[in-house]
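Chain by chain, the residues run as shown.
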Amino acid sequence: MKEYNLLKVIKFDKDKWVVPYTNLITIFMILFMVLFVFAFTGSRLQYEKMLLTIESSLGKEQKTDLELLDLSEKLATYVSSRGLQELVKLQILPDRIKVILLTPIMFNIGEAELKPSPIVEELRNMLKEIPNRVIIEGHTCNLPVGVRCKYRSNLELSGARAFSLLKFILDGGVAPERFTAMGIGENMPLVENDIEDRRKLNRRVEISIMREK
């Protein structure tokens, strides 16, 4: 009968995992180096998509959030191709995708009637394709409404604008239970209201598309 050296067998079984383990560690090192560099040199949108794709490949369900980021990327491309970067801002946050629309692209001064706008049409089409909750906020600067304005305060004006946009979106056949609209008035400025160029940035409507947790 052939004899086996038990110690050699044990040593072989003990050491054979070293090569694949080393390869795995090397792969993870390269991956995290790529993510680190991408976080500082690439767009936040692309960085988020890369992270979600990795998590999805590891078995974590990320389909809905990936679809949301894909649509956000299309919206960003649309805004850039039409030179609307000064009027439309896109923010990628941990809990939401925020679209900020400055007032001139949607409303006349002191009014809440929605103007025809291709970007608003694009947003409505985008919101049809996803099931996420959406919060619409109207904001103003700190200048008081004029005597000819039909609204008595900035709070009323901002609320009317938020609901005007909400009505437009719902008229496109989107489920109403997903949406919340509110007026914030002058109470949450992005920047100081000390000069007109800054006040323009505070006159806006924000659309927050909530991300899955």
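Reading guide: rules and limits
- Residues numbered from 1 in each chain as written.
- Predicted model: local features only at pLDDT ≥ 70, side-chain atom pairs only at ≥ 80, totals over all residues.
- Heavy atoms only, no water.
- Helix = DSSP H or I, 4+ residues; strand = E, 2+ residues; numbered from the N terminus.
- Buried < 20%, exposed > 50% of the residue type's maximum accessible area, 1.4 Å probe, protein only.
- Contact = heavy atoms within 4.5 Å.
- Areas by Shrake-Rupley, 256 points an atom, 1.4 Å probe, with all protein chains shown as cover.
- Phe/Tyr/Trp six-rings, centres within 6.5 Å; stacked < 30°, edge-to-face > 60°.
- Lys NZ or Arg CZ within 6 Å of the ring centre and 35° of its normal.
- Core = buried A, V, L, I, M, F, W, Y, C linked by side-chain atoms within 4.5 Å.
- Expected span 1.5 Å × (residues − 1).

Visitor: Tell me about the overall build of the protein, and please be specific about residues and values.
Guide: What the protein contains, in helices and strands, is 7 helices and 5 strands. Along the protein, from the amino end to the carboxyl end, the secondary structure elements read α-α-α-α-β-β-α-β-α-β-α-β. Classification of the 213 residues of the protein by burial places 38% in the buried group. A sequence separation of at least 24 residues applies to 65% of the contacts in the protein between residues at least 6 apart. For the protein, the accessible surface area stands at approximately 13,500 Å², while carbon and sulfur atoms represent 60% of it.

Visitor: Quick rundown of the packing of aromatic side chains? Include the residues and the values.
Guide: Under the defined criterion, the tally for this structure stands at 0 aromatic pairs. The ring of phenylalanine 168 carries the charged tip of arginine 124 above its face, separated from the ring centre by 4.0 Å.

Visitor: Go over the nonpolar core with me, naming the residues and quoting the values.
Guide: Leu101, Met106, Ile119, Ile136 and Leu165 are the most contacted members of the largest nonpolar core, which totals 35 residues. Breaking this core down by element, the ones donating at least two residues are α4 (63-81), β1 (88-92), β2 (96-102), α5 (118-128), β3 (134-139), α6 (154-170), β4 (179-185) and β5 (204-210). For this core, the element with the most residues is α4, which contributes 6 residues. Once you skip the residues sitting within four places of it in the chain, isoleucine 119 turns out to touch Leu75, Tyr78, Val79, Leu84, Val88, Leu101 and Ile105. One finds Ala112, Cys149, Leu157 and Ala160 within the second-largest nonpolar core, a separate group that totals 5 residues.

Visitor: Explain α6 residue by residue, including any values.
Guide: Across its 17 residues, α6 extends 24 Å between first and last C-alpha, which sits within 8% of the 24 Å expected from 1.5 Å per residue. Burial runs high along α6: 12 of the 17 residues are buried. Residues of α6 that are buried: Asn154, Leu157, Ser158, Gly159, Ala160, Arg161, Ala162, Ser164, Leu165, Leu166, Phe168 and Ile169. Contact partners of the buried residues in α6: α5, β3, β4 and β5.

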